[in-house]
Amino acid sequence: MAPVAPTNSPAPERLAPASLLTGPNLLLDGGFENGGADWQNSAATGRSVDGTQFHAGAFGQLILASAAGENVVYQDVAVIAGRSYAAAAWVFTQDLNDLGGVVEILWLDSPGLPEVPPPADLLGTQIIGTLNGTQDWTLVSGTFHAPAGAVVARVQLRVGLEGDDAGAAWFDEGRSPR
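A few points on the structure.

What follows is about the nonpolar core. Here is a general trend for soluble globular proteins: nonpolar side chains tend to be buried in one another's company. Core analysis: the largest hydrophobic core is formed by 29 residues, its most contacted members being Val 103 and Trp 107. Counting residues per element, the ones that place at least two in this core are strand S3 (71-78), strand S4 (84-108), strand S5 (122-145), strand S6 (152-159) and strand S7 (168-175). Broken down by element, this core gets its largest block of residues, 8 residues, from S4. Counting 8 residues, the second largest nonpolar core, distinct from the first, contains Ala 88, Phe 92, Trp 137 and Ala 168.

Below you can see the structure in the form of structure tokens.
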């Protein structure tokens, strides 16, 4: 699939709240400038670090749509139950009609869990943002509260099942300050 021409500047009506821009980032390589090495599945089938579409720097994470299933890239971050955490990412979508490009947090009760965590270890899921269709770079963000028992926040980038087997999303500048 040929990507749409890169638009590498933020939409002026989607500015990040100042609280998201302060403090050290808990996510490693949130901009994928180091090749996505700190992210799980960043180079698996249907996923790649891509230099044709990015919000800042020179790379973004491309995730292609599939009629066979979801494609997911994720990173686990240690958290403290009861604390609030800000999270943000920039998302660009092309031709996504069904579930779209999603940024979400999975709250887990132990580290080192597989890509699909056992239901008993999943304490909750919170959507940071979802984009469908073809949309220019859009900031999705929010503040989230780690539930009781949470020791890991899995920041997950995914493109949901697309019945027509077409479309893609790019993700960039993931951020979760302490």
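This paragraph deals with the packing of aromatic side chains. Tallying each qualifying case throughout the model produces 3 aromatic pairs. Both rings, one in Phe 92 and one in Trp 170, keep their centres 5.5 Å apart while their planes meet at 80 degrees; by these two values the pair is edge-to-face. One end of the pair, Phe 92, is in strand S4; the other, Trp 170, is in strand S7, and 78 residues separate them in sequence. In this structure, Phe 92 and Trp 170 share a single accessibility class: buried. Counting every residue linked through ring pairs, the aromatic cluster contains Phe 92, Trp 137 and Trp 170. Over the aromatic face of Tyr 74 sits the side chain of Arg 154, whose NZ or CZ is 4.0 Å from the ring centroid.

This paragraph deals with the environment of Ser 110. Tracing the sequence through the fold places Ser 110 in the loop between S4 and S5. Owing to a relative accessible area of 21%, Ser 110 belongs among the partly exposed residues under this scheme. It is 5.9 Å that separates the C-alpha atoms of Ser 110 and Val 151, two residues lying 41 residues apart in sequence. Setting aside residues up to four positions removed in sequence, Ser 110 forms contacts with Asp 121, Val 151 and Val 152. A distance of 3.4 Å separates polar atoms of two side chains, one belonging to Ser 110 and the other to Asp 109.

Following the sequence through the fold, Pro 24 ends up in the segment before strand S1 (47-50). According to the relative accessible area criterion, Pro 24 is partly exposed, its value standing at 46%. Along the backbone, Pro 24 and Pro 177 are 153 residues apart, and their C-alpha atoms lie at a distance of 5.3 Å.

Parameters at a glance
- Residues numbered from 1 in each chain as written.
- Predicted model: local features only at pLDDT ≥ 70, side-chain atom pairs only at ≥ 80, totals over all residues.
- Heavy atoms only, no water.
- Core = buried A, V, L, I, M, F, W, Y, C linked by side-chain atoms within 4.5 Å.
- Buried < 20%, exposed > 50% of the residue type's maximum accessible area, 1.4 Å probe, protein only.
- Helix = DSSP H or I, 4+ residues; strand = E, 2+ residues; numbered from the N terminus.
- Phe/Tyr/Trp six-rings, centres within 6.5 Å; stacked < 30°, edge-to-face > 60°.
- Lys NZ or Arg CZ within 6 Å of the ring centre and 35° of its normal.
- Contact = heavy atoms within 4.5 Å.
- Polar contact = N/O pair within 3.5 Å; in protein donor to acceptor, adjacent residues only side chain to side chain.

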